[in-house]
Amino acid sequence: MAKCVVSVEGLVKHYGSQEVLNRVSFEVVEKEVKVVIGPSGGGKSTLLRCINGLETFTSGKVLVDGIEVNPSAATIWHVRRRVGMIFQHFNLFPHLTARQNVELAPRRVLGLPAAECRRRAEILLSRVGLEEFVGRYPGQLSGGQQQRVAIARALAMEPSVMLFDEPTSALDPETVGEVLNVMKELASGGMTMVVVTHEVNFAREVGSRILFMDKGVIVEEGTPQELLLHPRHLRTQQFLQAVL
């Protein structure tokens, strides 16, 4: 039986009187690619931020590698070492080169020697197709290149799971494909992933299972074949008619 990497149980999140997540529950097993789709404002990004402890939640439980996620507890650092997070905007340090951006966390957080951090950064930047750009600063890179540096930076911590929060939404259409190709390669290599995206074709090609979320609720879940071709719920049908 596959190992459970992420477990979300009855997750509730309020912003004041607004309920953003309403008893959300699901699991992500090792090597699974769970894709979350749905309309804007449905709670998808908040869900990811709760998984890695960037957001507190009102009630419920989140476990990563069996460690309970509690943003106020010392164990949160053990969680964040296991979770790679890719944001819509790349959040690179502008004064550091691509290689220095990738080197930083293994050196500061893991305490690895400088030579090992450099070696790891160069391998990962090559893996995402940026071996010729290791010495460039973010301002000298395209949006797609910056996002690939961000992916390499997350991989440098050797995470148990990678979370992607609409990773192509801020990109020029010409560079979307290069980021999706890297994500496809990660998936084919067995990386456990939770991907929030509007790229339905990616969900169809790469997703192990798809969650459709609306108004803070998982409306339905299924394989790409089940959910995209034969959605059971009217709200899912309406959404897919609008985006396909």
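This section reports on the structure supplied with the text. (Residues numbered from 1 in each chain as written. Predicted model: local features only at pLDDT ≥ 70, side-chain atom pairs only at ≥ 80, totals over all residues. Heavy atoms only, no water.)

Bringing the pairing of strand E2 (residues 18–29) into the picture now. In this structure, strand E1 (residues 4–15) lies alongside E2, joined through eight bridges in antiparallel fashion. By the bridge assignment for E2, lysine 13 is matched with leucine 21. Where E1 folds back on E2, the antiparallel hairpin that results is connected by two residues, among which glycine 16 adopts a positive phi of roughly 65°. (Pairing = 2+ DSSP bridges. Helix = DSSP H or I, 4+ residues; strand = E, 2+ residues; numbered from the N terminus.)

Moving on: the sheet that holds E2. On the basis of which strands lie adjacent, the open sheet formed by four strands has the order E2-E1-E4-E5 and antiparallel pairing. On the outer flanks of this sheet lie E2 and strand E5 (67–68), each paired with one strand and no other. Against the sheet, helix H1 (residues 44–51) contacts E1, E2 and strand E4 (59–64), and its axis sits at roughly 60° relative to E2. (Contact = heavy atoms within 4.5 Å. Axes fitted to C-alpha atoms, helices over the stretch in contact; angles between N-to-C directions.)

Look at helix H3 (residues 98–108) against helix H4 (residues 114–127): their axes get within 8 Å of each other, and the N-to-C directions meet at 130°. What the angle tells us is that H3 and H4 run oblique. Read as a crossing pair, H3 and H4 show a hand that is right-handed. For the pair H3 and H4, the contacting residues are Ala98, Arg99, Val102, Glu103, Pro106 and Arg107 in the first and Cys117, Arg118, Ala121, Glu122, Leu124 and Leu125 in the second. Of the residues belonging to the contact of H3 with H4, the class tally is seven nonpolar, no polar and five charged. (Parallel < 35°, antiparallel > 145°, perpendicular 65-115°, else oblique. Left-handed = near helix turned anticlockwise from the far one by under 90°. Nonpolar A, V, L, I, M, F, W, Y, C, P; charged D, E, K, R; others polar.)

A complete count under the given rule lists 17 salt bridges for this structure. The partner of arginine 99 in a salt bridge is glutamate 103, and the shortest N-O contact between them spans 3.5 Å. Residue arginine 99 and its partner glutamate 103 are both found in helix H3; the two are separated by four residues, about one turn of the helix. Salt bridges linked by common partners bring Glu32, Lys34, Arg209 and Glu221 together as one network. (Salt bridge = Lys/Arg side-chain N within 4 Å of Asp/Glu carboxyl O.)

For the rest of this paragraph, the subject is the packing of aromatic side chains. By the definition in use, this model includes one aromatic pair. Judged by centre distance (5.2 Å) and plane angle (45°), the rings of phenylalanine 212 and phenylalanine 239 are tilted. Of this pair, phenylalanine 212 sits in strand E9 (residues 209–214) while phenylalanine 239 sits in helix H9 (residues 234–243), and the two are 27 residues apart along the sequence. For the pair phenylalanine 212 and phenylalanine 239, a shared accessibility class is recorded, and that class is buried. Over the ring of tryptophan 77 we find arginine 80, and its NZ or CZ is 5.3 Å from the ring centre. (Phe/Tyr/Trp six-rings, centres within 6.5 Å; stacked < 30°, edge-to-face > 60°. Buried < 20%, exposed > 50% of the residue type's maximum accessible area, 1.4 Å probe, protein only. Lys NZ or Arg CZ within 6 Å of the ring centre and 35° of its normal.)

Our focus in this paragraph is the sheet that holds E9. The six strands lie next to each other as E6-E7-E8-E3-E9-E10, forming an open sheet whose pairing is mixed. One side of each edge strand has no neighbouring strand; the edge strands of this open sheet are strand E6 (83–86) and strand E10 (217–222). Mean inter-strand twist for the sheet, computed between neighbouring axes without regard to direction, equals 15°. For strand E3 (residues 33–37) and strand E8 (residues 193–196), the ladder comprises four bridges, and the chain directions are parallel. Looking at the pairing, valine 36 lines up with valine 196 of E8. Lying on the sheet, H1 is in contact with E3, E6, strand E7 (161–165), E8 and E9; it crosses E7 at an angle near 150°.

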